[in-house]
Amino acid sequence: MSSLLSKRMKMIADMVTPGRVTADIGCDHGLVSVYLIKNNIVPFVYAMDIGEGPLRSAAKNITEALSEDDVSKIKLRLSDGFEALAPGESESAVIAGMGGHLIISILEGGLHNMVISPGYELLLSPQSDVPMVRRFLRENGFSIIDEEMLIEEGKYYNIIKSVYKGTDKGCVENLKPDSGNYSIDDIYGRILLEKKSPVLRQFLEKEVEKKEKLFCTLSKQSTENSINRMASLRNEIESAAEALGYFM
């Protein structure tokens with residue numbers, strides 16, 4: 001079954017802290033749930049999806065891949081995010097293959113219904129808006145404890161491992177909105193920079209090269225849009241160059 005998992009999803013599953021009852025949010029075909037149980041990483045999984053079709057597919061894969069005893073360690077639930085989970089039922093969650101906006105919306109739901117409480121662990125892999133997700137975590141009571149970056153089929157992916165620490169106010173009614181002003185840690189990941197991730201370095205080098213070429217092309221134009229884009233490109237190039245400084 002592990003051979004059916006993508007490189008990215010296997011890395012995510014392997015980052016789950018062993019022994020934690022886990023919610024596989026947006027479980028799709030249930031392959032992560034199967035991997036977690038088959039490899040004795042966690043004792044129980046809630047395989048959850050908003051669609052009945054994916055849950056039927058997951059049920060089939062679970063039955064075919066696991067023994068009767070292990071099948072009983074996965075419970076399928078039709079759920080929009082954390083909606084069908086009660087507080088205390090799970091200790092960690094895997095949320096991957098979605099855009100950053102949707103992941104943040106799911107996390108807000110988990111906080112409001114108190115499924116996510118202090119000590120709760122998250123494995124997140126946003127398909128987009130990664131800086132927005134990092135900033136949301138940082139400003140709303142979460143601590144990022146590990147990150148990985150990998151290339152799969154020519155695309156770069158981030159995996160964020162985070163733990164909810166709680167907030168000083170003890171409530172989640174006033175979640176901080178995203179301001180759009182991102183720090184270098186939000187954009188590239190403090191842990192990836194400290195690890196000197198070779199994948200991040202490759203990404204940064206390609207980004208600088210690509211943006212410098214675009215800047216050169218735009219410099220030959222004189223439209224208002226090209227001038228504005230050049231200004232933003234300059235900031236993006238400086239940010240990427242600053243990040244590359246960690247690898248020197």
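These numbers were taken from a predicted model, which means no experiment stands behind them.

J.: Can you help me understand the packing of helix 2 (residues 31-38) against helix 3 (residues 52-65) in this one?
T.: Each packed pair of helices is defined by two parameters, the angle between the axes and the distance between the axes. Interaxial distance between helix 2 and helix 3 falls to 9 Å at its minimum, and their mutual angle equals 25 degrees. Judged by the angle between their axes, helix 2 and helix 3 are roughly parallel. Crossing geometry of helix 2 relative to helix 3 is assigned as right-handed. Residue-level contacts link Leu31, Val34 and Lys38 of helix 2 to Asn61, Ile62 and Ala65 of helix 3.

J.: What is the right way to read the packing of aromatic side chains from this model?
T.: The description of an aromatic ring pair uses the distance of the two centres, along with the angle that the planes make with each other. In this structure the tally under the stated criterion is 5 aromatic pairs. Ring-pair connections join several aromatic residues into one group, and the members of that group are Phe136, Phe142 and Tyr164. Over the aromatic face of Tyr157 sits the side chain of Arg8, whose NZ or CZ is 4.4 Å from the ring centroid.

J.: How should I be thinking about the sheet that holds strand 2 (residues 45-49) in this particular structure?
T.: Hydrogen bonding along the main chain pairs the strands of a sheet, whether they run parallel or antiparallel. With mixed pairing, the 7 strands of this open sheet are ordered in space as 3-2-1-4-5-7-6. Every other strand in the sheet has two partners, leaving strand 3 (74-78) and strand 6 (142-152) as the edge strands with one partner each. Going from strand to strand, the sheet's axes swing by 15 degrees on average, the running direction of each strand aside. Note that strand 4 (residues 92-98) and strand 5 (residues 121-126) share 6 bridges and pair parallel. For Ala93, the partnering residue across the bridge sits in strand 5 and is Leu122. Seen against the sheet, helix 1 (residues 7-15) touches strand 4, strand 5, strand 6 and strand 7 (155-164) and runs at an angle of roughly 155 degrees to strand 6.

J.: Even after reading the chapter, I still don't get the environment of Ile145, so can you show me in this structure?
T.: By secondary structure assignment, the location of Ile145 is in strand 6. A C-alpha to C-alpha distance of 22 Å links Ile145 and Glu242, two positions 97 residues apart in sequence. Dropping the residues within four chain positions of it, Ile145 is found in contact with Lys161, Ser162, Val163 and Ile191.

J.: How should the side chain of Thr22 be read in this particular structure?
T.: Note on placement: Thr22 falls in strand 1 (residues 22-25). Residue Thr22 is classed as buried on the basis of its relative accessible area of 0%. Only 2.7 Å separates the side chain of Thr22 from the side chain of Ser92, close enough to count as a polar contact. Beyond its immediate stretch of four places on either side in the chain, Thr22 contacts Val16, Leu36, Val42, Phe44, Val45, Tyr46, Ser92, Ala93 and Val94.

Procedures and definitions
Residues numbered from 1 in each chain as written. Predicted model: local features only at pLDDT ≥ 70, side-chain atom pairs only at ≥ 80, totals over all residues. Heavy atoms only, no water. Axes fitted to C-alpha atoms, helices over the stretch in contact; angles between N-to-C directions. Helix = DSSP H or I, 4+ residues; strand = E, 2+ residues; numbered from the N terminus. Parallel < 35°, antiparallel > 145°, perpendicular 65-115°, else oblique. Left-handed = near helix turned anticlockwise from the far one by under 90°. Contact = heavy atoms within 4.5 Å. Phe/Tyr/Trp six-rings, centres within 6.5 Å; stacked < 30°, edge-to-face > 60°. Lys NZ or Arg CZ within 6 Å of the ring centre and 35° of its normal. Pairing = 2+ DSSP bridges. Buried < 20%, exposed > 50% of the residue type's maximum accessible area, 1.4 Å probe, protein only. Polar contact = N/O pair within 3.5 Å; in protein donor to acceptor, adjacent residues only side chain to side chain.

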